[in-house]
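Residue-level listing of the chains:
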Amino acid sequence: MRFLARLGLFAGLLLGAGAFADALPRPWPSKPLTLNECLDVALDQNASLRKAQRDIAEAAGIAIQAQSAALPRLNASGNYGVIDEGKIESAPLGPGPTGFRFQRDQNWQANIQLAQPLFAGGRIQSSLRTARLTRDAALSKYHAELSEVILQVRTAFDDVLLSQEQIIVQESSIRLLEQELADTRRRFDAGVAPRFNV
């Protein structure tokens, strides 16, 4: 029975074996895995599925980047400067401390700019379409990988079940042949069967 349990574990871990380096190690199961548990292990630890998921996230980032080209842009900037009083030139207008200054001691500047692309020669629509198609391709690749992993795990699991049944059939066949040999030996000892049958 231990052989069958190991065979069931092998089927469940068949596709996830390459991804153990990336994933945290799971504790070794103490009982044979069911089909759903084998699928869970394979889906959690399969490297090609992980790559396909990263490709979907990358395609989503490309879509966001493409959509941002169609959005308005707001730019804001500011500047403040102070000049030393001694470096400002002034012209006296008469007797006393009053005079004409050629420059202010504080400078302020603020700019706000809003830009919206109105026409880009089809570049924006093309980039949006390309982003959508890239996302669709990544999703299709993920679903294809997912289907392939599920098919391989189910095939391996069914092969394990078939092997278990074949072992049972072979063990039954051995018991039947042993009983038949014992019966033939008894008949030979009784003198009813020839030596050829033993």
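Because the structure is a prediction, the values reported are computed rather than measured.

### Things to note about the overall build of the protein
Then comes step 1: For the protein, the helix and strand inventory stands at four helices and four strands.
Then comes step 2: When the helices and strands of the protein are listed from N to C terminus, the series reads α-α-α-β-β-β-β-α.
Then comes step 3: Of all 198 residues assigned to the protein, the portion counted as buried reaches 20%.
Then comes step 4: When contacts within the protein are restricted to residue pairs at least 6 apart in sequence, those whose partners lie at least 24 apart make up 70%.

### Focus on helix H3 (residues 47-68)
Then comes step 1: Here H3 contains 22 residues, and its C-alpha end-to-end distance of 32 Å stays within 8% of the 32 Å for a straight helix at 1.5 Å per residue.
Then comes step 2: Looking at the packing, one finds that the buried side of H3 touches helix H2 (35-45) and helix H4 (123-190).

### Considerations on the confidence of the model for the protein
Then comes step 1: Mean pLDDT over the protein stands at 81; residues scoring 70 or higher make up 77%.
Then comes step 2: Ranking the helices and strands of the protein by mean pLDDT puts H4 first, with 93, and helix H1 (residues 2-13) last, with 41.
Then comes step 3: Low pLDDT, under 50, characterises residues 1-22; the stretch is placed with 33 contacts to residues that sit more than four places away or in other chains.

### Focus: the environment of Asp105
Then comes step 1: The residue Asp105 is located in the loop between strand S3 (99-101) and strand S4 (106-115) in this model.
Then comes step 2: Residue classification places Asp105 among the partly exposed residues on the basis of a relative accessible area of 25%.

### Let's talk about the packing of H2 against H4
Then comes step 1: It is the contact of H2 with H4, at a shortest axis distance of 10 Å, that shows an interaxial angle of 140 degrees. Classed by the angle they form, the pair H2 and H4 counts as oblique. Of the two elements, H2 crosses H4, and the hand of that crossing is right-handed. In contact with Leu35, Cys38, Leu39, Ala42 and Leu43 of H2, H4 contributes Leu146, Val149, Ile150, Val153, Arg154 and Phe157.

What counts as what
- Residues numbered from 1 in each chain as written.
- Predicted model: local features only at pLDDT ≥ 70, side-chain atom pairs only at ≥ 80, totals over all residues.
- Heavy atoms only, no water.
- Helix = DSSP H or I, 4+ residues; strand = E, 2+ residues; numbered from the N terminus.
- Buried < 20%, exposed > 50% of the residue type's maximum accessible area, 1.4 Å probe, protein only.
- Contact = heavy atoms within 4.5 Å.
- Expected span 1.5 Å × (residues − 1).
- pLDDT = per-residue confidence, 0-100.
- Axes fitted to C-alpha atoms, helices over the stretch in contact; angles between N-to-C directions.
- Parallel < 35°, antiparallel > 145°, perpendicular 65-115°, else oblique.
- Left-handed = near helix turned anticlockwise from the far one by under 90°.

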